[in-house]
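# Structure at a glance
The primary structure of each chain is shown beneath.
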Amino acid sequence: MLLSRDRAIVHLQTEFRTLDFALRPGPIHGDAHTGNLLADHGQVVLLDVEAVAFGPREWALIPTSIAYERLSPCARETADVPGRLSDHPVMLRH
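These notes cover the structure that comes with them. In this text the structure is predicted, and so the values were computed from the model without any measurement.

### Describing the overall build of the protein
When helices and strands are tallied, the protein shows 3 helices and 4 strands. Listing each helix as α and each strand as β along the protein from the N terminus yields α-β-β-β-β-α-α. Across the 94 residues in the protein, those meeting the buried criterion constitute 18%. Partitioning the contacts of the protein with sequence separation of at least 6, the portion at a separation of at least 24 is 54%. Working note: accessible area of the protein is about 7,400 Å², and carbon and sulfur atoms make up 60% of it.

### Description of the side chain of N36
Mapped onto the secondary structure, N36 falls in the loop between β1 (26-28) and β2 (37-40). Here N36 falls in the buried class, since its relative accessible area comes to 8%. Polar contacts involving the side chain of N36 include one to the side chain of D48, which spans 3.3 Å. Ignoring any residue separated from it by four or fewer positions in sequence, one finds N36 in contact with H29, D31, V45, L46, L47 and D48.

### Considerations on the pairing of β2
The side chains of a regular strand alternate, first on one face of the sheet and then on the other. Direction of pairing for β2 relative to strand β3 (residues 43-46): antiparallel, over a ladder of 4 bridges. For L38, the partnering residue across the bridge sits in β3 and is V45. Connecting the antiparallel pair β2 and β3 is a turn made up of 2 residues, with H41 showing a positive phi of about 50 degrees.

### Points about unusual backbone geometry
One non-glycine residue, H41, lies in the positive phi region at around 50 degrees. Topologically, H41 is positioned in the loop between β2 and β3. Its relative accessible area of 78% is what places H41 among the exposed residues. Even without being glycine, D48 reaches a positive phi, approximately 60 degrees. Note on placement: D48 falls in the loop between β3 and β4 (53-55). Taking relative accessible area as the criterion, D48 reaches 27% and is therefore assigned partly exposed.

### Quick notes on the packing of aromatic side chains
Each aromatic ring pair is characterised by the separation of its centres together with the angle its planes make. In total, this model carries 2 aromatic pairs according to the counting rule given. Aromatic rings pair up to connect F16, F21 and W59 into one cluster.

Cut-offs and rules
- Residues numbered from 1 in each chain as written.
- Predicted model: local features only at pLDDT ≥ 70, side-chain atom pairs only at ≥ 80, totals over all residues.
- Heavy atoms only, no water.
- Helix = DSSP H or I, 4+ residues; strand = E, 2+ residues; numbered from the N terminus.
- Buried < 20%, exposed > 50% of the residue type's maximum accessible area, 1.4 Å probe, protein only.
- Contact = heavy atoms within 4.5 Å.
- Areas by Shrake-Rupley, 256 points an atom, 1.4 Å probe, with all protein chains shown as cover.
- Polar contact = N/O pair within 3.5 Å; in protein donor to acceptor, adjacent residues only side chain to side chain.
- Pairing = 2+ DSSP bridges.
- Phe/Tyr/Trp six-rings, centres within 6.5 Å; stacked < 30°, edge-to-face > 60°.

Remember that the coordinates give geometry; whether it matters functionally is a separate question.
Quick look at the structure:
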C-alpha cells in the first residue's frame, strides 16, 4: 500500500507527462535569476551553471518569475522586464 506522500508523487509524475509545453525541450540554466547575471562591456553572462540540464525550456524562467511575482519589490525593480513575466506566452498554460 502506497503512503499518502508516495501517492502524491506518483500522481504528480503522471500529471507531468500530460503537460503540453509551448517550446521544444532544450538546454536550460536551472537557476536563472537576476543574481546570476554579470554585465561586462555590453554583454550579459549567465553565471552559476552547475544546474544546467536538458528539459522544458520554460523551466528556465521559473526562478525569475517567482522572484518577480512574489519575493520582493527589489526583484521587480531589477528584473528589467516589461509587464509581468507570468504573462509571457511560454508561462501561460495552453
